[in-house]
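# Examination of the molecular architecture
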Amino acid sequence: MDFLPCGMYSMADSTLPDSVDGHGSLAKKSREKSTVTGMATLTREERRRRRRATQKYRMAHATRERVRVEAFNVAFGELRKLLPTIPPDKKLSKIEILRLAICYIMYLNQFLET
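Residues numbered from 1 in each chain as written. Predicted model: local features only at pLDDT ≥ 70, side-chain atom pairs only at ≥ 80, totals over all residues. Heavy atoms only, no water.

## Focus on the pattern of salt bridges
One pass over the structure, following the stated rule, counts three salt bridges. A salt bridge links arginine 49 to glutamate 45; its shortest N-O distance comes to 3.4 Å. Here the residue arginine 49 and the residue glutamate 45 both occupy positions in helix H1 (residues 44-52), the gap between them amounting to four residues, near one helical turn. Of the residues examined, glutamate 45 reaches a relative accessible area of 31% and is grouped as partly exposed. Between arginine 68 and glutamate 65 there is a salt bridge, with the nearest N and O atoms lying 2.7 Å from each other. (Salt bridge = Lys/Arg side-chain N within 4 Å of Asp/Glu carboxyl O. Helix = DSSP H or I, 4+ residues; strand = E, 2+ residues; numbered from the N terminus. Buried < 20%, exposed > 50% of the residue type's maximum accessible area, 1.4 Å probe, protein only.)

Next up, the structure:
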């Protein structure tokens, strides 16, 4: 098991001590194996890995991710409309939008203080 800073253990080794839950906090880890009808006994982690390997799970995850990214892009588009640039339709990257928003907010704060 690899020891990482802040008392965290590497997830490469799935056998954690009973007192460590993977986030550095103290807790009892249940290592009891459950039985699955028609299959050998599987740990909770093994069941999770098998479920996540299914096509249905992957498709649902991809759909959720597309919706999340689309909402993220819409939010950046709305923020972009509020920022003054020359020319007004100049294409900006997300980091440029954030940096410009920070500068604009600082400018507005200074304007209100004077």
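## Thoughts on a nonpolar patch on the surface
Nonpolar side chains collect at one region of the surface, where Tyr107, Leu108, Phe111 and Leu112 lie side by side and expose about 450 Å² of accessible area between them. Take leucine 108: it is sitting in helix H3 (residues 94-113). Taking the relative accessible area as the measure of exposure, leucine 108 reaches 33% and is therefore partly exposed. (Patch = residues over 30% accessible without salt bridge, like charges linked within 9 Å, V, L, I, M, F, W, Y side chains within 5 Å. Areas by Shrake-Rupley, 256 points an atom, 1.4 Å probe, with all protein chains shown as cover.)

## Here we look at the nonpolar core
By size, the foremost hydrophobic cluster in this structure holds five residues: Phe76, Leu83, Leu92, Ile97 and Ala101. Once residues lying within four places of it in the same chain are set aside, the contact partners of isoleucine 97 are Phe76, Leu79, Arg80, Leu83 and Leu92. (Core = buried A, V, L, I, M, F, W, Y, C linked by side-chain atoms within 4.5 Å. Contact = heavy atoms within 4.5 Å.)

## Brief notes about the confidence of the model for the protein chain
Here the protein chain shows a mean pLDDT of 76. Residues at 70 or above account for 65%. Confidence drops under a pLDDT of 50 for residues 1-36, and excluding neighbours within four residues, the segment shows 45 contacts in the predicted structure. (pLDDT = per-residue confidence, 0-100.)

## A few points about the packing of helix H2 (residues 55-82) against H3
Direction vectors running N to C along H2 and H3 enclose 45°, while the axes themselves pass 10 Å from each other. The orientation of H2 with respect to H3, classified from their angle, is oblique. As for how H2 packs across H3, the hand of that crossing is left-handed. Touching Phe72, Asn73, Phe76, Leu79, Arg80 and Leu82 of H2 are Lys94, Ile97, Leu98, Ala101 and Tyr104, all from H3. Looking at the contact of H2 with H3 residue by residue, the class counts come to eight nonpolar, one polar and two charged. (Axes fitted to C-alpha atoms, helices over the stretch in contact; angles between N-to-C directions. Parallel < 35°, antiparallel > 145°, perpendicular 65-115°, else oblique. Left-handed = near helix turned anticlockwise from the far one by under 90°. Nonpolar A, V, L, I, M, F, W, Y, C, P; charged D, E, K, R; others polar.)

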